Amino acid sequence: MTELLTAAFAPTHLEVINDSAKHRGHSGDDGSGESHFTVAIESAAFAGKSRLERQRMVNAALGDIPGNRVHALAIRAFAPGQA
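Residues numbered from 1 in each chain as written. Predicted model: local features only at pLDDT ≥ 70, side-chain atom pairs only at ≥ 80, totals over all residues. Heavy atoms only, no water.

Undergrad: Please give an account of the overall build of the chain that cites residues and values.
TA: A count of helices and strands for the chain gives three helices and three strands. Listed by position from the N terminus, the elements making up the chain come as α-β-β-α-α-β. Sorting the 83 residues of the chain into buried and exposed places 28% on the buried side. Pairs at least 24 apart in sequence give 61% of the contacts found in the chain among residues at least 6 apart. Roughly 5000 Å² of accessible area belongs to the chain as shown, and the carbon and sulfur atoms make up 49% of that amount. (Helix = DSSP H or I, 4+ residues; strand = E, 2+ residues; numbered from the N terminus. Buried < 20%, exposed > 50% of the residue type's maximum accessible area, 1.4 Å probe, protein only. Contact = heavy atoms within 4.5 Å. Areas by Shrake-Rupley, 256 points an atom, 1.4 Å probe, with all protein chains shown as cover.)

Following this line, the structure appears as structure tokens:
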């Protein structure tokens, strides 16, 4: 995820946090330890975009990862100076 997001957005800040341990045994936990993630990303590419547009941009950059290889993805996307 880090490589895909870096290539797509040249972020000034990027965190990809694996939250899977918090969801062990819950719906969507496949036992891989890589089912739930949070992405916090700051990029000039998000300037002037709505929250929904930003989330769609991140999902598009990640391709088949959300919904297929990752059960849940929380996205915090913002432009520089908006955090």
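Undergrad: Outline the nonpolar core, listing residues and values.
TA: Counting 13 residues, the largest nonpolar core has Leu-5, Phe-9, Ile-41, Phe-46, Val-58, Leu-62 and Ala-77 as the members making the most contacts within it. Mapped onto this core, the elements with two or more residues apiece are helix H1 (2–9), strand E2 (36–42), helix H2 (51–62) and strand E3 (72–78). Broken down by element, the residue count for this core peaks at three residues, all from E2. Non-local contacts of Leu-5, meaning those with residues more than four positions away in its chain, are made with Ala-10, Pro-11, Leu-14, Val-16, Val-39, Ile-41, Val-58, Ala-61 and Leu-62. (Core = buried A, V, L, I, M, F, W, Y, C linked by side-chain atoms within 4.5 Å.)

Undergrad: Quick rundown of unusual backbone geometry? Include the residues and the values.
TA: Leaving glycine aside, a negative phi is the common case for residues, and trans is the common case for peptide bonds. Residue Ala-10 is not a glycine yet carries a positive backbone phi of 40 degrees. Mapped onto the elements, Ala-10 comes out in the loop between H1 and strand E1 (13–18). What makes Ala-10 exposed here is its relative accessible area of 61%.

Undergrad: How would you summarise the environment of Gln-82 if you had to cite specific residues and measurements?
TA: Mapped onto the secondary structure, Gln-82 falls in the segment after E3. Separated by 2.8 Å, the side chains of Gln-82 and Arg-54 make a polar contact. (Polar contact = N/O pair within 3.5 Å; in protein donor to acceptor, adjacent residues only side chain to side chain.)

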